[in-house]
Amino acid sequence: MKKIFLVLLTAAMTVACNSGDSTKAGIIHENVPAGTAVNAESDAYRAGASAANALLKDNLSGEELHDRLLDTRAVISLIQRRHGVQEAADYQAGFTDAIVAGNDSLAREIAIL
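Note that the coordinates shown come from a computational prediction; the quantities given were computed from them, not determined experimentally. (Residues numbered from 1 in each chain as written. Predicted model: local features only at pLDDT ≥ 70, side-chain atom pairs only at ≥ 80, totals over all residues. Heavy atoms only, no water.)

Quick notes on helix H2 (residues 43-57)
Consideration 1: In this model H2 runs 21 Å from its N-terminal to its C-terminal C-alpha over 15 residues, within 8% of the 21 Å that 1.5 Å per residue would give.
Consideration 2: Ala-44, Tyr-45, Gly-48, Ala-49, Ala-52 and Leu-55 are the residues of H2 that are buried. The buried residues of H2 all sit within an arc of 135° when viewed along its axis, so they share a single face. Opposite the buried face of H2, by more than 90 degrees, sit the exposed residues Asp-43 and Lys-57.
Consideration 3: In this structure, the buried residues of H2 make contact with helix H3 (62-83), helix H4 (85-102) and helix H5 (104-109). (Helix = DSSP H or I, 4+ residues; strand = E, 2+ residues; numbered from the N terminus. Expected span 1.5 Å × (residues − 1). Buried < 20%, exposed > 50% of the residue type's maximum accessible area, 1.4 Å probe, protein only. Arc of directions from axis to C-beta. Contact = heavy atoms within 4.5 Å.)

A word on the nonpolar core
Burial of nonpolar side chains together is a common tendency in soluble globular proteins.
Consideration 1: Among the nonpolar cores identified, the biggest contains 11 residues, and these are Ala-49, Ala-52, Leu-55, Leu-65, Leu-69, Phe-95, Ala-98, Ile-99, Leu-106, Ala-107 and Ile-110.
Consideration 2: Looking at this core, the elements that each hand over two or more residues are H2, H3, H4 and H5.
Consideration 3: Each residue touching Leu-55, except ones within four places of it in the same chain, is listed here: Leu-60, Leu-65, Arg-68, Leu-69, Phe-95, Ile-99 and Leu-106.
Consideration 4: If you look at the next biggest cluster of nonpolar residues, it comprises 5 residues, including Ala-44, Ile-76, Ile-79 and Tyr-91. (Core = buried A, V, L, I, M, F, W, Y, C linked by side-chain atoms within 4.5 Å.)

With respect to the environment of Ala-44
Consideration 1: Within the secondary structure layout, Ala-44 lies in helix H2.
Consideration 2: For Ala-44, a relative accessible area of 9% puts it in the buried group.
Consideration 3: Excluding anything up to four places from it in sequence, Ala-44 contacts Glu-87, Asp-90 and Tyr-91.

Overview of the pattern of salt bridges
Consideration 1: Applying the stated rule across the entire model yields 3 salt bridges.
Consideration 2: Across the salt bridge formed by Asp-43 and Arg-46, the nearest N and O atoms sit 2.5 Å from each other. With Asp-43 and Arg-46 both in helix H2 and 3 residues apart, this pair spans about one turn of that helix.
Consideration 3: Taking relative accessible area as the criterion, Asp-43 reaches 58% and is therefore assigned exposed.
Consideration 4: Across the salt bridge formed by Arg-68 and Asp-58, the nearest N and O atoms sit 2.7 Å from each other. One end of the pair, Arg-68, is in helix H3; the other, Asp-58, is in the loop between H2 and H3, with 10 residues separating them in the sequence. (Salt bridge = Lys/Arg side-chain N within 4 Å of Asp/Glu carboxyl O.)

Dropping the structure here:
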């Protein structure tokens, strides 16, 4: 079941991404084109971190977690379409950084470490 979840999540993340490029600096930022600097002081970064912290506070089942992660991918794609790549990259970085800081075993499970 866990492997199916990870395969589905990976497939959803791949479809949601417009770019195949990814940057790895301890964390994979799927929507960040090579060379894009993340602004940890931006409102988008803080919003992403806030969304991750809310997710971490909830005691979610595997299915609920899967749904929330898919919703997060949809939000990132929407931000990218409406506000551009930089804002989407900042939101995603804030989200993934907060997940890593708050629950590294969850980060490993969803493959962002």
